[in-house]
Amino acid sequence: MSAKKLCHAVFLRFGNNLFTRYILPHLFLLVIWWTLYSHLRDGSVFLVDSLLHIDLDSRLGSAVEFFLYDTPKVFMLLGLVVYGVGLLRSFITPERTRRFLAGKREFVGNIIAALLGIITPFCSCSAVPLFIGFVSAGVPLGVTFSFLIAAPMVNEIALVLLYGLLGWKLALAYLLTGLCVAIVAGLVIGRSRPEKYVEDWVKNIRFDAASEQKAKSSWHDRILFAYSSVVDIFRRIWLYVLIGIALGAFIHGYVPQGFMAFVMGSDSWWSVPLAVLLGVPLYSNAAGIIPVVEALISKGAAIGTVLAFMMSVIALSFPEMVILRKVLKPRLIGIFLVTVVVGVVMVGYLFNWMI
């Protein structure tokens, strides 16, 4: 049998089946998703004006319309991106990630690790097992920190929601500055000889590549995994999302624009460090904080100050520090905090100066 006939037979046996069973239904659902998504604004205005009979120009009407519009918008964007990343996760596992990073030198390794942090959906809750796996696989600690900073801060959910709610320019700016913070912070931490500040029990673990289970997944398994990822993520963050949208709606409807311009405006030199200090103790994810960011910007807050606030909330949180304390000594956690805070503050000042 010739190569051409063989390829044709393979397509008839597998390709056509793949298209009709998986690709075509997904395209159909994507069209439905886009149709609903593009009419959300009309739906929210109709609900407030025609059904609830609330004046859209009033404070209450503005807040209610914001909530009714952003709630389905955020959840639809969130469902789409989590499902897509769920499919990606079936190919990119933590084991493959740490094998790829093992042996990478500084700078090049920091850049690769930060880029992997964008496409690999690991939040701060995964910090401990990932950190142990990276250390036991021989990944330099500076490179590891670049990954751990980028993964929660410059993740796919944050970028897609920023693009959907605030436009591609702000999403691109957040991507580039977040990468810079992750890369530079990893380099600084790596130069501080952090190995001596890792708990001894972590150093004694050795990664055995031969012990990994290698199992091939079918497309059916991958789709089920992506669906279960959506369900799992929604169960864990839906309340945070609603709280964030409700807070954003309150700011949008009731907080005077002049007040936010004074507190978080570019003319106030103390607004950026204050925003970062306020953001570090908070615990939220990108889906929960971005509606707040949208409302703050609409009320006159400076973009640099808001970006710094968002980065500090997502990348630095008290629960994450508690988790990391299990594997890191307090001095290294302090170095990590100071390095990232300084980087985030510089990003805030930079954008306030540029815009």
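Because the structure is a prediction, the values reported are computed rather than measured. (Residues numbered from 1 in each chain as written. Predicted model: local features only at pLDDT ≥ 70, side-chain atom pairs only at ≥ 80, totals over all residues. Heavy atoms only, no water.)

Examining the overall build of the chain
A tally of regular secondary structure across the chain gives 17 helices and zero strands. With 355 residues in all, the chain has 48% of them scored as buried. Residue pairs in contact within the chain that sit at least 24 positions apart in sequence constitute 83% of those at least 6 positions apart. Surface exposure of the chain reaches about 18,400 Å², of which carbon and sulfur atoms provide 69%. (Helix = DSSP H or I, 4+ residues; strand = E, 2+ residues; numbered from the N terminus. Buried < 20%, exposed > 50% of the residue type's maximum accessible area, 1.4 Å probe, protein only. Contact = heavy atoms within 4.5 Å. Areas by Shrake-Rupley, 256 points an atom, 1.4 Å probe, with all protein chains shown as cover.)

Some thoughts on the packing of helix H13 (residues 271–279) against helix H15 (residues 303–315)
It is the contact of H13 with H15, at a shortest axis distance of 8 Å, that shows an interaxial angle of 25°. Taken together, H13 and H15 sit at an angle that is classed as roughly parallel. Where H13 crosses over H15, the two elements pack in a sense that is right-handed. Mapping the contact onto sequence places Ser271, Val272, Ala275, Val276, Leu278 and Gly279 in H13 and Thr305, Ala308, Phe309, Ser312 and Val313 in H15. (Axes fitted to C-alpha atoms, helices over the stretch in contact; angles between N-to-C directions. Parallel < 35°, antiparallel > 145°, perpendicular 65-115°, else oblique. Left-handed = near helix turned anticlockwise from the far one by under 90°.)

A short note on the side chain of Glu294
Here Glu294 is to be found in helix H14 (residues 286–298). Although Glu294 is buried, it forms no salt bridge, and the closest oppositely charged side chain is Lys73 at an N-O distance of 5.6 Å. Setting aside residues up to four positions removed in sequence, Glu294 forms contacts with Phe66, Asp70, Leu165 and Leu166. (Lys, Arg positive; Asp, Glu negative; His and termini not counted. Salt bridge = Lys/Arg side-chain N within 4 Å of Asp/Glu carboxyl O.)

Here we look at a nonpolar patch on the surface
On the surface, a nonpolar cluster with roughly 400 Å² of combined accessible area is contributed by Ile23, Leu24, Leu27, Leu30 and Leu80. For the nonpolar patch, the element with the highest residue contribution is helix H1 (residues 3–37), accounting for four residues. Of note, Leu80 is situated in helix H3 (residues 59–89). We classify Leu80 as partly exposed; its relative accessible area is 37%. (Patch = residues over 30% accessible without salt bridge, like charges linked within 9 Å, V, L, I, M, F, W, Y side chains within 5 Å.)

Observations regarding the packing of aromatic side chains
Applying the stated criterion across every chain, the model contains five aromatic pairs. Here Phe75 and Phe234 contribute two aromatic rings whose centre-to-centre distance is 5.5 Å and whose plane-to-plane angle is 45°, an arrangement assigned as tilted. Pair noted here: Phe75 is in helix H3 and Phe234 is in helix H11 (residues 219–254), with a separation of 159 residues, a long-range link. In this structure an aromatic cluster arises from ring pairing among Trp33, Trp34 and Tyr37. Above the ring of Tyr69, the side-chain terminus of Arg41 is found at 3.7 Å from the ring centroid. (Phe/Tyr/Trp six-rings, centres within 6.5 Å; stacked < 30°, edge-to-face > 60°. Lys NZ or Arg CZ within 6 Å of the ring centre and 35° of its normal.)

What to know about helix H8 (residues 156–166)
Every α-helix carries 3.6 residues per turn, so stepping three or four residues along brings you back to the same face. For H8, the tally of buried residues reaches eight of eleven residues, placing the bulk of the element in the interior. Listed as buried for H8 are Glu156, Ile157, Ala158, Leu159, Leu161, Leu162, Gly164 and Leu165. Of the residues trailing H8, Gly167 is marked for its positive phi of about 100°.

Describing the nonpolar core
Nonpolar side chains tend toward joint burial in soluble globular proteins. Core analysis: the largest hydrophobic core is formed by 86 residues, its most contacted members being Tyr174, Met310 and Phe336. Considering every element that reaches this core, the biggest residue donor is H3, with twelve residues. What Tyr174 contacts, discounting residues up to four positions off in sequence, is Met153, Val154, Ala158, Leu159, Leu162, Leu307, Met310, Met311 and Ile314. The next biggest cluster of nonpolar side chains, apart from the first, holds nine residues, and it includes Ile112, Ala113, Phe134 and Val139. (Core = buried A, V, L, I, M, F, W, Y, C linked by side-chain atoms within 4.5 Å.)

Details of the side chain of Thr177
Of note, Thr177 is situated in helix H9 (residues 168–191). Accessibility expressed as a relative area gives 9% for Thr177, which makes it buried. In this structure, Thr177 is in contact with Met311, Val347 and Phe351, ignoring residues within four places of it in sequence.

Brief notes about the confidence of the model for the chain
Taken residue by residue, the chain gives an average pLDDT of 77. The fraction at 70 or more is 75%. Model confidence for the chain, summarised as mean pLDDT per element, is weakest for helix H6 (residues 127–136) at 63 and strongest for helix H2 (residues 40–51) at 90. Low pLDDT, under 50, characterises residues 207–215; the predicted model gives this stretch eight contacts beyond four residues in sequence or across chains. (pLDDT = per-residue confidence, 0-100.)

As for the packing of H9 against H15
Interhelical geometry of H9 versus H15 gives an angle of 55° and a closest axis separation of 12 Å. Viewed along their axes, H9 and H15 adopt a mutual orientation that is oblique. Relative to H15, the crossing made by H9 is right-handed. Of the residues in H15, those touching H9 at Leu170, Tyr174, Thr177 and Gly178 are Ile303, Leu307, Met310, Met311 and Ile314. Class assignment for the residues of the contact of H9 with H15 results in seven nonpolar, two polar and no charged. (Nonpolar A, V, L, I, M, F, W, Y, C, P; charged D, E, K, R; others polar.)

Considering the pattern of salt bridges
Scanning the model with the defined rule gives one salt bridge in all. Between Glu65 and Arg41 there is a salt bridge whose closest N-O contact spans 2.7 Å. Of this pair, Glu65 sits in helix H3 while Arg41 sits in helix H2; the two residues are 24 residues apart in sequence, bridging distant segments of the chain. Residue Glu65 is classed as buried on the basis of its relative accessible area of 10%. The exposure class of Arg41 is partly exposed, given its relative accessible area of 39%.

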